Each structure stands twice: as C-alpha cells, then as structure tokens.
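Each chain, written out:
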Amino acid sequence: MVRRYAISRSRNKPPDMDPGAWTILLVDMDGFFASIEAVRHPELTGLPVVVGADPKGGAGRGVVSTCSYEAREYGIHSGMPISRAYRLCPDAKFLPVDMALYQAVSGRIMKILASYADTFQRVSIDEAFIGVKTDDPEDAVETALNTKKEILTKEELTCSIGIGPNKLVAKIASDVRKPDGLTVVAPGEVCEFLDLMPVTKIPGIGKKTGQALKSMRIETIRDLREYDSRKLVLRFGKWGYRMQDLARGIDRSEVKEDCTVKSIGRELTFEEDTSDPGIIYDSIDALADETHRALSKTGYLFRTVSVKVRSEDFDTHTRSKSIGFTSSDPELVKNISKNLISEFIGEVKIRLIGIRLSNLRIADNGSSGSVYRFHCLREPCITRQTSIYEFIR
Ligand code: DCP
Ligand code: MG
C-alpha cells in the first residue's frame, strides 16, 4: 500500500544552503498511549478512547493521560480531570495506564529512530530529535518518510514530524500538522514560518510569561522579535535576550545524548505565606498532579517521594519516603506528601512547598532497557517555581 503524506511547507522557494549544516527532525508519536491501546484492541480504532484514571461513573479523581483524536473532538485533552472527560463523553472507552506496555513500545520506536540518526536525543516517552548531517531538507524529508513507514509497518502507529535547521524550529514544526503530519521549514524560511504564531509556541514561554508579554503588547513571535531588546532585558533579565533569539529562530543547542534525569520535581511559592492546612493540602494535591504529569511524559516510575518546605523565615527542610516497589500512582504521591508535610503544619507560616520524585526506574516488566544504550532522558525543566494560582483554579 502506498501512503501519501500531505507535506506542509512554509513556502515553495529553495532553501538557503549552508554547506556542512545539520537538518533536525523532531518525531512525536500521535496520541501515544491511546494509539497503543487501539493496536492492542483493534475494535477501538476510530472510537473515542481515553487513557488515564478510573472515571468511576463521573465521580473519579485523577486526570486524563491522553486520548484518541476522536475523543479530542469532544474537548477532552491530557491533564483534564477524568470526571470532566467523563461528562464530555460518557460513551468513550476509558482505559487505565499500562506504563510497562507503553515503555516497551517506546523502546522499540526509539531504536528505529536512532537507526536513522547521525545524532539522536530522546526527549520523552514518545518524542525524539534526529540530527541528519545534510544541508538539503529534501534528504531529511526522505528520512522522515522512511521513519514513518517503518514505524507504521512494525508498530502500526503514526507520528508527526517537524523538520527544520535547528531543534527549536523542528519542535514547533512538529506540532503544525497532527496526526500523521510532516512539516518542513527550510533555513531561509524560518522567520516567515514563526512570524504569526503566538509567543507561547516557543518552548519555555508558558502561560505566565505569555501573559506578561501580552501586557507589553507582544502577542506574536514577530512582535517579540521586533520589540526593543533593552526593554525586554529590563523586564526579564537574560531570559529577555534568549527569548528574542528564539523569536529569530536561533537555537544553537545540539542534538545529543546528554544527562539522564535523576528526579522530577515541582515547587510553588504561595502568594502569601500561610499556615492554613486547607490551602497547603490542596496545593500538595495540585503539585502532586503536576509532578505526576511530568513523570508520565518521561515514562519512568518512582520509588521515592520527597517534600520540601520553606518557612516564612526561609528555614528550609526536606523529608523523604521510599516505597519498596515502583509506582506511577498519583494518589500515592499525594498521600505520602501529605504525611511528610504534616509535621510542618502548625504555627509557622509556610512560604514555599515542593514535591520531588526520585529513584526513577523503568517499569519492572518493561522491555525497553536496551534503548538506554542509544539515548538518555532529558527533563528540560526539572524544578520550576510557580504561583499557586497557576495550579488552583
Ligand atoms: N502524557 C501524560 N500526561 C500528560 C501529557 C502526556 O500522561 N499531561 C503521556 C500520554 C501521552 C504521552 O505522554 O500519550 C505523550 O505525550 P504527548 O504530549 O506527545 O501526547 P500524545 O502523544 O498523546 O498526543 P499528540 O498526538 O498530541 O502528541
Ligand atoms: Mg505525542
């Protein structure tokens, strides 16, 4: 069977050639956990499938890990409370997370991707950069088509691929057309490609920075590129320079097997120091969900949960608990964290709390161990300080 791919190109003019340059591909699997479930249960193909916590007829706690594109038409998405997903589409097929299976599939896919790469970097359980030493994006298109074909033949799964002169552009391009997309941005077309996109398309510019930029009347990437550098630096420090480089499509980071992630954590600073147990425990729930989401994306399981507490006078304490098994259960993270933090709840006001998951492992029966010869896991934002209001709505 011949499959035809609609290739999105930013324009039809020849690229600016840079001899010896690299072309970068970012491969991102489509609806990863849900697509694997549809391979395992072919009768689910084409139906709304939600992978995540048990919806318990609408009373379930926990969140959606991911869902099929059919389920997305009902407004369901990753990270949404499972109870809400159930209300949006009670007839969807709700399935629990089977991380060992997803890791095994991920392992096989990473092996395929690495075989096409001159340099290779796994980014998450379903995403990787492939560096190809060529100055012609057409060579990279051929690599992309071959990659897609092999993954489809061997795993019956589709992916979306972005091609660009660097990691930033490849990453943004991979998201332009999904599922089963292929988007090519030649070196000379980068600014034009980025121009009208919202600034939040740039990795690292989240909701909060996006809002700060909006208040400065910077909404598109072009607005950011053309803004007065001095004013940006005054407002954001060094990050202002970096943001503007990114808005110009400049990213010099290499595709490389770098650090292995040792732990994943999230912190939040309260708007006002507090000793209110209700606020603190609610915040632990929100932080645990956030940390767990980041963990799910990497595909690891944890054995140790730690909490960090900073009081109003900046005294900082940490407490940890290890369990005798590996887990990916967000409720366990919440329960252990609440237990650990309970000794600090009393008279002293708390300024900051954090949760960290460590002793990370591949699932016991996962068969993806061999992949880690080819790549390592990268968690770009291991710790982040965020206002409580980003989590508590
Ligand atoms: N994941 C998760 N919780 C999240 C986000 C993701 O458990 N909040 C898991 C499930 C996803 C997998 O990580 O299948 C990969 O994440 P992606 O963001 O790539 O999402 P999908 O592959 O599911 O969909 P898309 O087609 O948009 O890439
Ligand atoms: Mg994906």
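Residues numbered from 1 in each chain as written. Chains lettered and ligands numbered in written order. Predicted model: local features only at pLDDT ≥ 70, side-chain atom pairs only at ≥ 80, totals over all residues.

**Overview of the overall build of the chain**
What the chain contains, in helices and strands, is 14 helices and 14 strands. By the burial criterion, 39% of the 393 residues in the chain qualify as buried. Here the contacts in the chain between residues at least 6 apart in sequence split such that 68% fall between residues at least 24 apart. (Helix = DSSP H or I, 4+ residues; strand = E, 2+ residues; numbered from the N terminus. Buried ≥ 20, exposed ≤ 12 C-beta atoms within 10 Å, placed from the backbone. Contact = placed C-beta atoms within 7 Å.)

**Quick notes on the confidence of the model for the chain**
Averaged over every residue, the pLDDT of the chain is 86; residues scoring 70 or more account for 86%. Here residues 11-17 is modelled with pLDDT under 50, and outside its nearest four sequence neighbours on either side it reaches 9 contacts, counting other chains as well. For residues 364-393, every residue scores under 50 in pLDDT, and the model assigns this stretch 75 contacts once sequence neighbours within four places are set aside. (pLDDT = per-residue confidence, 0-100.)

**Examining the nonpolar core**
The tendency in soluble globular proteins is for nonpolar side chains to be buried as a group. If you look at the biggest cluster of nonpolar residues, it comprises 92 residues, and the most contacted ones within it are Leu 25, Val 49, Val 50, Phe 129 and Ile 163. Per-element accounting of this core gives the leading share, 7 residues, to helix α4 (residues 99-115). Look past the residues within four positions of Leu 25 in its chain and what remains in contact with it is Phe 129, Ile 130, Val 132, Ala 140, Thr 143, Ala 144, Ile 161, Ile 163 and Ala 170. (Core = buried A, V, L, I, M, F, W, Y, C linked by C-beta atoms within 7 Å.)

**Focus: the site of ligand 1**
In the vicinity of ligand 1 there are 17 residues, among which Phe 32, Ser 65, Thr 66, Ser 78 and Ser 296 approach most closely. The leading source of residues in the shell around ligand 1 is helix α12 (residues 277-298), at 3 residues. Looking at side-chain class alone, the shell around ligand 1 contains 5 nonpolar, 6 polar and 6 charged residues. (Near = placed C-beta within 6 Å. Nonpolar A, V, L, I, M, F, W, Y, C, P; charged D, E, K, R; others polar.)

**Comments concerning the environment of His 77**
Along the chain, His 77 falls in the loop between α2 (69-72) and α3 (82-88). For His 77, a count of 13 C-beta atoms within 10 Å gives the class partly exposed. On a C-alpha basis, the gap between His 77 and Ser 65 in space is 8.1 Å, while along the polypeptide they are 12 residues apart. Beyond its immediate sequence surroundings of up to four residues, His 77 is in contact with Val 64 and Arg 72.

**Describing the environment of Asp 285**
Locating Asp 285 in the fold gives a position in helix α12. Classification of Asp 285 as partly exposed rests on a count of 18 C-beta atoms within 10 Å.

**Here's the deal with unusual backbone geometry**
In this structure, Pro 179 follows Lys 178 across a cis peptide bond, with omega equal to -5°. Its place among the elements puts Pro 179 in the loop between α6 (167-174) and β9 (182-184). Phi is positive for Lys 56, which is not a glycine, with a value near 45°. In this structure, Lys 56 sits in the loop between β3 (49-52) and β4 (64-67). One non-glycine residue with positive phi stands out, namely Asn 359, at about 55°.

**Overview of α12**
Taking 1.5 Å as the rise per residue, α12 with 22 residues should run 32 Å; its terminal C-alpha atoms sit 31 Å apart, in good agreement. Of the positions making up α12, those classed as buried are Ser 283, Ile 284, Ala 286, Leu 287, Ala 288, Asp 289, Glu 290, Thr 291, His 292, Leu 295 and Ser 296. Downstream of α12 by a residue or two, Gly 299 has a phi angle that is positive, lying close to 85°. (Expected span 1.5 Å × (residues − 1).)

**Let's talk about the packing of α12 against helix α13 (residues 330-341)**
Between two packed helices, both the angle of their axes relative to each other and the distance between the axes serve to describe the pair. For the pair α12 and α13, interaxial distance at closest approach is 9 Å and the crossing angle is 140°. Of the possible angle classes, the one that applies to α12 and α13 is oblique. Where α12 crosses over α13, the two elements pack in a sense that is right-handed. Across the interface between the two elements, Ile 280, Tyr 281, Ile 284, Asp 285, Ala 288, Asp 289, Thr 291 and His 292 of α12 pack against Pro 330, Val 333, Lys 334, Ser 337, Lys 338 and Ile 341 of α13. The residue inventory of the contact of α12 with α13, partitioned by class, reads 7 nonpolar, 3 polar and 4 charged. (Axes fitted to C-alpha atoms, helices over the stretch in contact; angles between N-to-C directions. Parallel < 35°, antiparallel > 145°, perpendicular 65-115°, else oblique. Left-handed = near helix turned anticlockwise from the far one by under 90°.)

**Focus on helix α1 (residues 32-40)**
Of all the 9 residues making up α1, 7 are buried; the element is thus mostly covered by neighbouring parts of the structure. Taken together, the buried positions of α1 are Phe 32, Phe 33, Ala 34, Ser 35, Ile 36, Glu 37 and Ala 38. Of the surrounding secondary structure, the elements contacted by the buried residues of α1 are β2 (23-29), β3, β4, β5 (93-95) and α4.

**A short note on the sheet that holds β5**
Strand pairing in a sheet is mediated by backbone hydrogen bonds. Such pairs are either parallel or antiparallel. The strand order across the open sheet built from 3 strands is β4-β3-β5, with neighbouring strands paired in mixed fashion. Bordering the open sheet on either side are β4 and β5, each of which pairs with just one other strand. When strand polarity is set aside, the average angle formed by the axes of neighbouring strands in this sheet is 25°. Sheet topology places β3 next to β5; 3 bridges connect them, and they run parallel. (Pairing = 2+ DSSP bridges.)

**Details of the pairing of strand β7 (residues 127-132)**
Counting buried positions along β7 yields 6 of 6 residues, so the element is predominantly enclosed. Alternating positions in β7 separate into two faces, Glu 127, Phe 129 and Gly 131 on one and Ala 128, Ile 130 and Val 132 on the other, with burial throughout. One ladder, built from 6 bridges, connects β2 with β7; its direction is antiparallel. Bridge assignment links Asp 28 to a residue of β7, and that residue is Glu 127. Note that strand β6 (residues 119-124) and β7 share 5 bridges and pair antiparallel. Residue pairing for β7: Arg 122 is matched across the bridge by Ala 128. Where β6 hands over to β7, the hairpin turn is made up of 2 residues, counted between the paired strands.

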